[in-house]
Amino acid sequence: MQTEPTIIGFLCNWCSYAAADLAGNSKLEVPGNLTTIRVMCSSRVDPVFILNAYFQGADGVLVAGCHPGDCHYQTGNYYARRRLALLIKILQTFDIEPKRLRLSWISASEGQRFSEITQEFAKFIKEAGPNPLKKKPFFE
Amino acid sequence: MKALKLSQSPDNAIGSLLKYLFEQNKISAAFVLCKNNSRDYFYGLITDKNLLEKITPTTPIMPSSAGKMLSKLTMLEPLTSPIAVVLRPCEMRAFYELIKLEQARPDNILFISFTCKGVISIKESKDGFEEKIEAYQKNPATELTLPGLRQCCQICENFVPENADIILPLIEKNDLNNTTFLIKTEKAEDFVQGFEAETVEEELNDTEISKIKEKRARKKAEVFANITPDKLGMKGLIDIFGRCLNCHACGRACPICYCNLCYFDSADSEVGPKAYEAETETKGAYRLPANTIFYHIGRMIHISLSCIGCGMCTDVCPVSIPVGTIFTRVAESAQEVFKYIPGRNIEEKIPILTFKINEFEEIGEE
Ligand code: SF4
Ligand code: SF4
Ligand code: SF4
Ligand code: FES
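Procedures and definitions
Residues numbered from 1 in each chain as written. Chains lettered and ligands numbered in written order. Predicted model: local features only at pLDDT ≥ 70, side-chain atom pairs only at ≥ 80, totals over all residues. Heavy atoms only, no water. Buried < 20%, exposed > 50% of the residue type's maximum accessible area, 1.4 Å probe, protein only. Helix = DSSP H or I, 4+ residues; strand = E, 2+ residues; numbered from the N terminus. Arc of directions from axis to C-beta. Axes fitted to C-alpha atoms, helices over the stretch in contact; angles between N-to-C directions. Parallel < 35°, antiparallel > 145°, perpendicular 65-115°, else oblique. Left-handed = near helix turned anticlockwise from the far one by under 90°. Contact = heavy atoms within 4.5 Å. Patch = residues over 30% accessible without salt bridge, like charges linked within 9 Å, V, L, I, M, F, W, Y side chains within 5 Å. Areas by Shrake-Rupley, 256 points an atom, 1.4 Å probe, with all protein chains shown as cover. Salt bridge = Lys/Arg side-chain N within 4 Å of Asp/Glu carboxyl O. Near = heavy atom within 4 Å. Nonpolar A, V, L, I, M, F, W, Y, C, P; charged D, E, K, R; others polar. Expected span 1.5 Å × (residues − 1). 1 Å grid on protein atoms, 1.4 Å probe; cavity = no way out; pocket = protein on both sides within 12 Å on 5 of 7 lines; lining within 4 Å. Points joined across faces, edges and corners; volume = space filled by probe spheres on them. Domains from an automatic or database assignment. Buried area = accessible area lost by both parts, 1.4 Å probe. Polar contact = N/O pair within 3.5 Å; in protein donor to acceptor, adjacent residues only side chain to side chain. Pairing = 2+ DSSP bridges.

Side note on helix H4 (residues 129-138) of chain B
Residues lying three or four places apart along an α-helix face the same way, a consequence of the helix completing one turn every 3.6 residues. Residues and elements named next belong to chain B. By the burial criterion, the buried members of H4 are Phe129, Ile133 and Tyr136. One face of H4 carries all of its buried residues, which in axial projection span an arc of 60 degrees. Residues Glu131 and Lys138 are exposed on H4 and point more than 90 degrees away from its buried face.

Digging into the packing of helix H2 (residues 47-55) of chain A against helix H11 (residues 292-303) of chain B
The interhelical angle for the contact between H2 of chain A and H11 of chain B, taken along N-to-C directions, is 160 degrees, at an axis separation of 9 Å. Comparing their axes, H11 of chain B and H2 of chain A come out roughly antiparallel. For the element pair H2 of chain A and H11 of chain B, the recorded crossing hand is right-handed. When H2 of chain A is examined against H11 of chain B, the residues Pro47, Val48, Leu51, Asn52 and Phe55 of chain A are found in contact with a partner set consisting of Ile293, Phe294, Ile297, Gly298, Ile301 and His302 of chain B.

Side note on a nonpolar patch on the surface
Together, Trp14, Met40 and Tyr73 of chain A give the surface a local cluster of nonpolar side chains, amounting to about 300 Å² of exposed area. Along the chain, Tyr73 of chain A turns up in the loop between strand S3 (60-65) and helix H3 (76-93).

Here's the deal with the site of ligand 3
Around ligand 3 sit 13 residues, and of these Cys244, Cys247, His248, Cys250 and Cys317 of chain B come closest. Along the lines of polarity and charge, the residues of the shell around ligand 3 split into ten nonpolar, three polar and no charged.

A few points about the packing of H3 of chain A against helix H13 (residues 323-337) of chain B
Between H3 of chain A and H13 of chain B, whose axes approach to 9 Å, the crossing angle comes to 140 degrees. Looking at the two axes, H3 of chain A sits oblique to H13 of chain B. As H3 of chain A runs across H13 of chain B, the sense of the crossing is right-handed. From H3 of chain A, Leu86, Lys89, Ile90 and Thr93 of chain A reach across to H13 of chain B, where they touch Arg329, Val330, Ser333, Ala334 and Val337 of chain B. In the contact of H3 of chain A with H13 of chain B, the residues fall into five nonpolar, two polar and two charged.

Considerations on H3 of chain A
Here H3 of chain A is 18 residues long and its end C-alpha atoms lie 26 Å apart, about the 26 Å a rise of 1.5 Å per residue gives. Judged by how many residues are buried, H3 of chain A sits mostly within the fold: 14 of 18 residues are covered.

Description of the site of ligand 1
Every residue near ligand 1 is listed here: Met62, Arg88, Pro89, Cys90, Cys116, Gly118, Cys153, Cys156, Arg216, Gly309 and Cys310 of chain B. Looking at the shell around ligand 1 residue by residue, the class counts come to seven nonpolar, two polar and two charged.

Observations concerning empty space enclosed by the protein
All names here are of chain B. The full count for this structure, using the stated rule, is seven cavities of 30 Å³ or more. Counted as a void, the largest cavity has a volume near 190 Å³. Taken together, 14 residues form the lining of the largest cavity, with Lys117, Tyr136, Gln137, Leu170 and Asn174 sitting closest to its centre. Of the residues that constitute the lining of the largest cavity, the class distribution is seven nonpolar, four polar and three charged.

Some points on the environment of Ala104 of chain B
Residue and element names in this part refer to chain B. Here Ala104 shows up in the loop between helix H3 (89-100) and strand S5 (109-114). Expressed as a C-alpha distance, the spacing of Ala104 and Ser71, which sit 33 residues apart in the sequence, is 4.5 Å. Dropping the residues within four chain positions of it, Ala104 is found in contact with Ser71, Thr74, Met75, Phe95, Leu98 and Ile99.

Observations concerning the domain arrangement of chain B
Residue and element names in this part refer to chain B. Taken domain by domain, chain B consists of domain 1 (2-223) and domain 2 (226-353). Between domain 1 and domain 2, the contact holds 28 residues from the first and 34 residues from the second. For the pair domain 1 and domain 2, the summed buried surface comes to about 2500 Å²; carbon and sulfur atoms form 56% of the total. Remark: the boundary between domain 1 and domain 2 carries two salt bridges. Among the salt bridges present, the one from Lys220 reaches Glu332, with a minimum N-O distance of 2.7 Å. One can count 20 residue pairs in polar contact (both at pLDDT 80 or more) joining domain 1 with domain 2. Listed by contribution, the elements that provide at least two residues to the side of domain 1 that touches domain 2 are H3, helix H5 (151-154) and helix H7 (206-224). It is H3 that provides the largest number of residues to the side of domain 1 that touches domain 2, a total of eight residues. Its residues assigned to classes, the side of domain 1 that touches domain 2 comprises 14 nonpolar, six polar and eight charged.

Looking at the sheet that holds strand S1 (residues 7-12) of chain A
Spatially, the five strands line up as an open sheet ordered S2(A)-S1(A)-S3(A)-S4(A)-S9(B), and their pairing is parallel. The strands lining the two open edges of the sheet, one partner per strand, are strand S2 (34-39) of chain A together with strand S9 (364-365) of chain B. Each of S1, S3 and strand S4 (101-105) of chain A is contacted by H2 of chain A, which is oriented at about 150 degrees to S3 of chain A, the strand it contacts most.

Focus on the sheet that holds strand S1 (residues 2-6) of chain B
All names here are of chain B. Ordered by their spatial adjacency, eight strands build an open sheet running S3-S2-S4-S5-S6-S7-S1-S8, and the pairing between neighbours is mixed. The strands lining the two open edges of the sheet, one partner per strand, are strand S3 (40-46) and strand S8 (198-201). Ignoring strand direction, the axes of neighbouring strands in this sheet form an average angle of 30 degrees. Direction of pairing for strand S2 (residues 29-37) relative to strand S4 (residues 83-86): parallel, over a ladder of three bridges. Looking across to S4, one finds that Ala29 is bridged to Ile83.

So this is what it looks like as structure tokens:
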């Protein structure tokens, strides 16, 4: 039986992934139950990836990219934000908690911020309990 | 606006117009619904004007979405010579969405459409279909209880083909002996120039149209009242999609689902021990086919902004899941976020293909 929640982090190569690296190098604390997936830009994240993570048992999903205006590809993160807005709306229509999804802007130099955000999110998810999608019944 | 009147049935009048366009070399082909027999309706691209007697453009059946079929014809290169296309409003809106998705091109097409009473399920297209059609034709458009009428049509409020070049006001009149062509665009004027018919001034009948709209809106509210978040949730989703075969016919028939290599058909969707063990560990069992609800929500994420509520998906579902009704409901709330109406305006971008700098600031954590 799993006790610690599972958190998936989609991290932009140019900023948040570098920030995670920096956090590690600076010996800052990062939750051990965070599994990171490096993407080339936050806009690479098809909301279906996030849904897939939930269906496969993730309790929380973090998408982190460059601050607005700082995307390596100029505008990728604005598109990412719209896609997540759409995803959130669709999840809400089904009463599936969108609070398990977080979008954060973390630049390459913000190792400290990376550590804080991920720890805070891990704490939040732990309190929220297991993802109900995982509890989808086999028989009613 | 300028209108042309003929004392012929709508199908015959469309036939006469197409014949004229052929004779004047104004079109090289007509894309229109054809009938082989009561079990076999299909869209055809006709170049021989003698085959026009096989057309049946207003028969209430949608064997496939004309929007999707037209995208097949125009995806790789634009049409080189003009064709006339006769299609239903939602099919035209689907075609517009496909243009925006770069799956189709609008060049060299004359759009002919009509105010739409809806279509009868493909499954009814068998011996005895003619009687159903007759009942359908006699009924006024406000009558939503026709047997076999798609539920998506019963709740469709966008049955006026706003963007067509030529519009036939069919459902407000429900007249099988006389037909009017409303000549809506300059392009259409050029095409019909010289066509023999009584010329009059006529507009769409807004009073009748709003009556039908109201009736359908009420029906929609009724249907949607059962598809609210509190009634859905995971349990509701299992109730609705539980018997889904995962055949993906709904997506194949959907005009908006255009990917030839669908993610949900890829090897990523196969389920080996790694995938099922996580579930068997907590539940002691694993349900197959797997990933059905994942597929449906995934498809909603991909297409809901462009879903035009045609009901093709419901029509082809072998296990009678009301796919289109659920999708239309979700689409409405997704489209509402961006105040977007699919197929309305060819210049308007699909919301996820554009953005504003200052928006949804509550979502991204600063
Ligand atoms: S969805 Fe609307 S436009 Fe399409 S066939 Fe039905 S009634 Fe006609
Ligand atoms: S999801 Fe269904 S109703 Fe919506 S566009 Fe596709 S086929 Fe039509
Ligand atoms: S057509 Fe019906 S059975 Fe097939 S995937 Fe769609 S909902 Fe499931
Ligand atoms: S490159 Fe980092 S969000 Fe686009």
